[in-house]
Every structure is written in structure tokens, then in C-alpha cells.
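Secondary and tertiary structure notes
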Amino acid sequence: MKKTYLIFRVHGFLYAIDASVVVENLWLPEVTPVTETPRHIVGVINIRKKIIPIMDLNVRLGYSPIKYATTDSIVILEFSNILIGLIVNEICDVYDIMKEDITSTPSYGEGQQSLFVKNMARIENDIAMLLDHSFLINHITDVSIEEKEDLDIQESETEQLSKETQYFSPQATIQEREIFAKRAQILKQPIIVEEDNTDTISLAVFSLNNEYYGVDVNYVREFCTYSLSKVTPVPCCPQYIIGNINLRGEILTLVDIRSVLQLSTSFKEYAKAIVINMDNFFVGIPVDNVFAVANLDRKNIASTPIAQLENKQYHKGVTHYKDKTLTILDITNILSYLVVEEQV
């Protein structure tokens, strides 16, 4: 018997949580601080019009606070109709753990046990601590006697700080704050458009090789991140089939569309992907950056330039987005060619 867990690192240690309660994984965005909360609740974020509290798991587990980094992530959990985000340092993998590899956490004198870690598991050559998500979520705002004493100390220290430091991650550099802020703005944008307005089109805007592209959001299920080292190659496939990743227990195939667009291919260790739904057939499209979901006026969309006629069947037109030219892709035509025809 086995169970699927999301594996991640906090303070250098390996932790795991039941993958069935994981809704989404995100790069750490800017968090809006909230007053009168325990120190492990750092604030809230706006994800597509849902306000979600964010817990610093590092602090909640009793470690000393550390500076936030742009490589940190947030794991969004949902349990008993409660949504909460956990800040973690590194998302490692989705892993099936066998029952025989799980042991109970030992007690620590006078029968005391960890509140949040109920079991431990062997994962290859390492040991992961299995978090009790029900206790973690149902006791979001619980504060121990020690934490209350710490809060009193922090409140006196906070009074000495200037107003200039009263924002998320005051130790971050200007560049890091800009990254956090941009991520927060992207998360505020809804992916699904409920109103059908024929005068506008809603596009997920992303970049490939410093060029801007857009796809109709009706084909977009979500945005995700992945580690290139965690991609499993698929034998006997064309080069544009990069491989498979495990996305919250679901096997997702990554398809590189750059060859169709006559772009050179290069990948970073940590990359982003857009998950496309094509008639309930899901694939991941690796991209360099995801910028926003933009509502654009159809009147401002022009035909594809003559210079691009060779692969015009993959384009729906061009328009301007901010100070860049944006090419609107016919993602169904592209994937039909790359995935469907090549399998015939």
C-alpha cells in the first residue's frame, strides 16, 4: 500500500505532506502583512480573487526566522474547506511512499511528541518528516506559551523599527522586491473568464526567447513551475517532447513549441510552464516567463505579417502589449501538429 506525498525542504530538512490536499505550487510572491496575527502567519495573498493566509512553515516548526528568497515557494493546501499557503524553501518532488517505509515519530521525554510531525519516512537515501496537514490547518492561529513570550518581545522590538521597514521581507533587495511584487500582480489575474465579450479577447501572456506571445485563456488550466532535473525523458520521441513531470500526482507531458515558431531551444534548471487543456488532453508548454492575463481589444489585432507566412497557420494575429509586439498563437493547431500528427 502506498500514498502520494509532495516533498519539499524547510530549513535544510526534508518534509512531506499528503499530495491530495495540495492545490497549487507557486513561486513566493509579495505577501500583504496583517496585524494582530501570530508570527508564523506572515500575511495574505490574492490568488485570482481569493484571499489566502500564508504561514511561514519555517517559523511554525520552531526554527529561527530566515530571510525570504526569490527561490522560495508557496504550497497551497485545501482541507475542510480551508485554504492556506505554506512558505517552503524548495519543492523537490511528488513521491509515492510505501506504508512499510513509514515509522512513528519518537517521543521526546515525558511522552512529548511533535505537534505537526506524526510520522517519518525513508525516501531513497534520505528521511522525510511527514506533516499532519489536518492538525496544521485546524490549528492555524494557535500560539504556544513560548510563542506568546516571543510575541511580546517582537512587539517591543517592532515599536523601535521605523515605518519604512513595515512591509513584506524588509531584508530583500530592490530587485527581489520587484520580483515578489510582479508575481503578486500575476496571481491577482483570473485565468477563467466568465463573461463572453466578443469585443475583447483574454490572453495568457508569456515570453519565449525575449518575444511576447499570447494564448486564449479558455485553453489554459493553470501556470506551474518545474525543475528540469525532475523531468523524466520519454524514449523514442521527437526532441520537442521534453519528457514527463509529476504535477501533484498527475503525469504531465512537456512539449516544446519553439521549433514550430522557428525559435532556438534552451531551458533553465527551474522553469515555468502553461498547462493547456485541449479537449481534456493536458500538456505543459515550457515558457521563459508568464506575465499576466490580459484583456485586449479585438479591433487592435492585426493579421500576421507577410514575413511570417511560412507558419501563419499557427498564428491568430499580432497586437501591441505594453511596449512589445505580441503574437497570438493558435495553440490547438500547434499541438495538433506536434502531438497528434506525430503519433499517427
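Small disclaimer: the values here were computed from a predicted structure and weren't measured.

With that settled, the discussion passes to the overall build of the chain. Counting its secondary structure elements, the chain contains five helices and 21 strands. Taken over 344 residues, the chain has a buried fraction of 44%. In the chain, of all internal contacts separated by at least 6 residues, the share reaching a separation of at least 24 is 61%. When the accessible area of the chain is evaluated, it comes to approximately 18,800 Å², of which 49% is carbon and sulfur surface.

On to the side chain of Ser207. Relative to the helices and strands, Ser207 is located in strand β12 (residues 200–208). Using a relative accessible area of 4% as the deciding quantity, one classes Ser207 as buried. Ignoring any residue separated from it by four or fewer positions in sequence, one finds Ser207 in contact with Tyr212, Val287, Asp288, Asn289 and Phe291.

Next up on the list: the state of the cysteines. According to the stated counting rule, one finds zero disulfides in the structure shown. Residue Cys236 stays outside any disulfide, its sulfur separated by 7.3 Å from that of Cys237, the closest cysteine.

This brings us to the sheet that holds strand β4 (residues 41–47). The strand order across the open sheet built from five strands is β3-β6-β7-β5-β4, with neighbouring strands paired in mixed fashion. Only two strands of the sheet have a single partner each, and these edge strands are β3 (22–27) and β4. Adjacent strand axes in the sheet meet at a mean angle of 30 degrees when their direction is disregarded. Against the sheet, helix α4 (residues 174–188) contacts β3 and β4, and its axis sits at roughly 50 degrees relative to β4.

Turning to the nonpolar core, a few remarks are in order. Ranked by size, the top nonpolar core spans 29 residues in total, and within it Ile257 and Ile276 carry the most contacts. Listing elements by their share of this core, those giving two or more residues are β12, β13 (211–216), β14 (220–227), β17 (270–278), β18 (281–287), β19 (289–297) and α5 (331–343). The residues contacting Ile257, other than those within four sequence positions of it, are Leu208, Ile285, Leu329, Ile331, Ile334 and Leu338. Core analysis: the next-biggest nonpolar cluster, separate from the first, contains 23 residues, Leu6, Ile41, Leu77 and Ile137 among them.

A few words on the pattern of salt bridges. Pairing is possible between side chains that carry opposite charge, provided their charged atoms lie close to one another. All chains considered together, the criterion is met by eight salt bridges. Between Glu222 and Arg221 there is a salt bridge, with the nearest N and O atoms lying 3.0 Å from each other. With relative accessibility at 7%, the residue Glu222 sits in the buried group. Residue Arg221 is classed as partly exposed on the basis of its relative accessible area, which comes to 28%. Taking the shortest distance from any N to any O, the salt bridge between Arg258 and Asp288 comes out at 3.1 Å. Here Asp288 lies in the loop between β18 and β19 and Arg258 lies in the loop between β16 (250–255) and β17, a separation of 30 residues in the sequence. Here Arg258 falls in the buried class, since its relative accessible area comes to 1%. Salt bridges sharing partners connect three or more residues here, namely Arg221, Glu222 and Glu250.

Pairing in this open sheet of five strands is mixed, and the strands run β19-β12-β13-β21-β20 from one edge to the other. In this open sheet, the two edge strands, each paired with only one partner strand, are β19 and β20 (315–321). Mean inter-strand twist for the sheet, computed between neighbouring axes without regard to direction, equals 30 degrees. Of the pairings in the sheet, the one linking β12 to β13 comprises six bridges and is antiparallel in character.

A separate point is the packing of aromatic side chains. One pass over the full model with this rule turns up six aromatic pairs. When the ring of Tyr68 is compared with that of Phe168, the centres are 5.1 Å apart and the planes differ by 20 degrees; the resulting orientation is stacked. Of this pair, Tyr68 sits in the loop between α1 (57–60) and β6 (73–79) while Phe168 sits in the loop between α3 (145–160) and α4; the two residues are 100 residues apart in sequence, bridging distant segments of the chain. You'll find Tyr68 and Phe168 in the same group, each marked buried. Members of the aromatic cluster, joined through ring pairs, are Tyr68, Phe168 and Phe180.

The rules behind the values
Once a new chain begins, its residue numbering starts again from 1 and follows that chain's sequence as written. Two thresholds apply to this predicted model, a pLDDT of at least 70 for residue-level local features and 80 or more for giving and counting side-chain atom pairs, whereas whole-chain, interface and lining totals are computed over all residues. Heavy atoms throughout the structure, all of them, feed into the side-chain values; hydrogens and water do not. Secondary structure elements follow DSSP: runs of H or I no shorter than four residues count as helices, runs of E no shorter than two count as strands, and numbering proceeds from the N terminus. Exposed residues in this analysis have more than 50% of their type's maximum accessible area, buried residues have under 20%, and partly exposed residues fall in between, with area computed by a 1.4 Å probe over protein chains only. Any pair of residues with heavy atoms lying within 4.5 Å of one another is described as a contacting pair. What sets the accessible areas is the Shrake-Rupley method with a 1.4 Å probe; for residues, cover comes only from the shown protein chains. Disulfide assignment relies on a single distance test, namely cysteine sulfur atoms paired within 2.5 Å. Two strands are counted as paired when DSSP detects at least two bridges linking them. All axes here are fitted lines through C-alpha atoms, helices being fitted over the stretch that makes contact, and every angle between N-to-C directions spans 0 to 180 degrees. Take the buried residues of types Ala, Val, Leu, Ile, Met, Phe, Trp, Tyr and Cys, join any two whose side-chain atoms come within 4.5 Å, and each joined set is a nonpolar core. Salt bridges are defined as contacts in which a side-chain nitrogen from Lys or Arg sits within 4 Å of a carboxyl oxygen from Asp or Glu. Only centres within 6.5 Å qualify two rings of Phe, Tyr or Trp (six-membered ring in Trp) as a pair; their planes then separate them into stacked at under 30 degrees, edge-to-face at over 60, and tilted for everything else.

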